[in-house]
Structure formats: C-alpha cells, structure tokens
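Coordinate inspection notes
Next come the chains, spelled out residue by residue.
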Amino acid sequence: MKVLFLENVLHVAKKGEVKEVKPGYAINMLFPKKYAIELTPEVEKKFKDTLKKEDFHRRELLENKHNITDLLDSKVFNFTLKT
C-alpha cells in the first residue's frame, strides 16, 4: 500500500515522502495516529500542487534576498557607540 507521510516517523520515512508499506502497518499504526494517508490520485495531485507552490515561494524569497543584499552592499553605514 502506498502512503504519503504527513509526519516524520523514526526509521521509516520523513515528512512528504511516498513509500510502500504493509497494509496492516498502515491501517493499525500510521492512519490512526495521522502519520500518513493513503496515496490516491487526488492526494498525489494535491501534494504536487503544494510542492509547486512551496518551490515558487522559496524562489521568490531567494530573489528578494538577493535584491536586498544588492541594495545594502551599495550603502555605507556608520555607527557610533558610547564606551
């Protein structure tokens, strides 16, 4: 049975991984504790859409970071401290 892990499970999988597990393990351990859900085409599509959104957001943040660093590199800052 293929499942999508929603949480990290020690020695089994990390969050976001898709793995093949035995049906008994999935039904008795993973599903009741909400560690994983069964991988259906709808769940897989939704998961891929979420990954695309996260990737877009990550790229946008990186671009903004580069713009800010370029802006700050051109400035000179002087600080005076009382000792």
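This structure is a prediction, so every number in the text was calculated from the model and none was measured. (Residues numbered from 1 in each chain as written. Predicted model: local features only at pLDDT ≥ 70, side-chain atom pairs only at ≥ 80, totals over all residues. Heavy atoms only, no water.)

1. Brief notes about unusual backbone geometry
In this structure, H11 is a non-glycine residue whose phi angle is positive, near 65°. Relative to the assigned elements, H11 resides in the loop between β1 (2-5) and β2 (18-20). In this structure, K34 is a non-glycine residue whose phi angle is positive, near 60°. Turning to its location among the elements, K34 is positioned in the loop between α1 (23-30) and β3 (36-38). (Helix = DSSP H or I, 4+ residues; strand = E, 2+ residues; numbered from the N terminus.)

2. Thoughts on the pairing of β1
Bridge count between β1 and β2: three bridges; the pairing is antiparallel. Across the sheet, V3 pairs through a bridge with K19, a residue of β2. Of the pairings in the sheet, the one linking β1 to β3 comprises three bridges and is antiparallel in character. By the bridge assignment, V3 is partnered in β3 with E38. (Pairing = 2+ DSSP bridges.)

3. Observations concerning the confidence of the model for the protein
Looking at the protein, the pLDDT average stands at 94 and 100% of residues meet or exceed 70. Taken element by element, the protein is modelled with least confidence in helix α2 (residues 41-73), mean pLDDT 94, and with most confidence in β3, mean pLDDT 97. (pLDDT = per-residue confidence, 0-100.)

4. Observations concerning the pattern of salt bridges
Across all of its chains, the model carries four salt bridges by this definition. The closest approach of N and O atoms between D49 and K45, which form a salt bridge, is 3.6 Å. Of this pair, D49 and K45 both sit in helix α2, four residues apart, which is roughly one turn of the helix. Classification of K45 by relative accessible area gives exposed; the value is 54%. For D55, the salt bridge goes to R59, with nearest N and O atoms at 3.1 Å. Separated by four residues within a single helix, D55 and R59 lie in helix α2, roughly one turn from each other. On the basis of relative accessible area, D55 is assigned to the partly exposed category, the value being 30%. For R59, a relative accessible area of 58% gives the class exposed. One connected set of salt bridges, linked through shared partners, spans D55, R58 and R59. (Salt bridge = Lys/Arg side-chain N within 4 Å of Asp/Glu carboxyl O. Buried < 20%, exposed > 50% of the residue type's maximum accessible area, 1.4 Å probe, protein only.)

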